[in-house]
Structure formats: structure tokens, C-alpha cells
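Fold and contact review
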Amino acid sequence: MGIVWATRYLGQAAPERVTGTDMLPALAKRCAAHGYRLYLLGAASGVAEAAAERLQILAPGLQIAGTYAGSPAVSEEDDILERIVQPRPTCYV
């Protein structure tokens, strides 16, 4: 829904709901074309890594800054933020 709200805010409403998975291949290609480093956060163990491999096939040259599986517990937030910030990604998914 965030994408729908953003397009409405920009005055160019999307004709339908756009999910993150709908956008991910295009985002990966854009990141590869501009040298942006993508960080994949969430999902079950191994899913983000598999997604990274697939995206690198779809978007040759894509740089994966890192991956982290699972939904963070409040007690783990500081460690997770450091894990994400340390490799200096330019895009987060």
C-alpha cells in the first residue's frame, strides 16, 4: 500500500496495488545500473540469500551489501541495525 499512497501523493495514482515483490526485479536492475548496493532484510533463514542469487541473475552486476533473515526482536534491534549499516548499502529491501 505504501507505493499506492506515494503515487497518490505525487499526483500520479497507481492503477492498482503494487507489492514489493512486483517491484523488486526492476529495483534490482536499477540498482545494478547505478552501482547501488542492495541489502535484503527479512524472511525465513536462507530466503534472502536465495533471493540475492536470483536477483543477481536477473540484474547482472547487482551488488548485494548483505542479507539478514527473520523479523527482529526488540532486544536485537541495535545488533541488527549495526549489521545493516556496517556494509553501507544504498538500498534496503
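Our subject is the structure listed above.
This is a predicted model, so every value here is computed, not measured. (Residues numbered from 1 in each chain as written. Predicted model: local features only at pLDDT ≥ 70, side-chain atom pairs only at ≥ 80, totals over all residues. Heavy atoms only, no water.)

Our focus in this paragraph is the overall build of the chain. Secondary structure assignment for the chain yields four helices and three strands. Along the chain, helices and strands appear, N-terminal first, in the series α-α-β-α-β-α-β. Scored against the burial criterion, the 93 residues of the chain give a buried share of 25%. For the chain, the proportion of contacts with a sequence separation of at least 24, taken over those separated by at least 6, is 67%. Of the roughly 6400 Å² of accessible surface on the chain, a fraction of 56% belongs to carbon and sulfur atoms. One finds the centroid of the 8 positive side-chain charges in the chain at a distance of 12 Å from the centroid of its 9 negative side-chain charges. (Helix = DSSP H or I, 4+ residues; strand = E, 2+ residues; numbered from the N terminus. Buried < 20%, exposed > 50% of the residue type's maximum accessible area, 1.4 Å probe, protein only. Contact = heavy atoms within 4.5 Å. Areas by Shrake-Rupley, 256 points an atom, 1.4 Å probe, with all protein chains shown as cover. Lys, Arg positive; Asp, Glu negative; His and termini not counted. Charge placed at Lys NZ, Arg CZ, Asp CG, Glu CD.)

In this structure, A43 takes a positive phi of about 85° despite not being glycine. Within the secondary structure, A43 is located in the loop between strand 1 (37-41) and helix 3 (47-58). On the accessibility criterion, A43 (42% relative accessible area) is partly exposed.

Here T7 shows up in helix 1 (residues 2-9). Taking the relative accessible area as the measure of exposure, T7 reaches 19% and is therefore buried. With near-sequence residues (within four places) excluded, T7 lies in contact with Q12, A13 and A14.

Relative to strand 2 (residues 63-68), strand 1 runs parallel, the two sharing five bridges. The partner of Y39 across the bridge, within strand 2, is G66. The β-α-β motif built from strand 1, the intervening helix 3 and the parallel element strand 2 has right-handed crossover chirality. (Pairing = 2+ DSSP bridges. Right-handed = clockwise from strand over helix to strand, strands pointing away.)

Here the focus is the pattern of salt bridges. Within this structure, the stated rule accounts for one salt bridge. Here R83 makes a salt bridge to D79, at a shortest N to O gap of 3.5 Å. With a gap of four residues between them, R83 and D79 both fall in helix 4 (residues 77-85), about one helical turn apart. Taking the relative accessible area as the measure of exposure, D79 reaches 48% and is therefore partly exposed. (Salt bridge = Lys/Arg side-chain N within 4 Å of Asp/Glu carboxyl O.)

Everything listed here is a matter of coordinates, which is why it stays silent on function.
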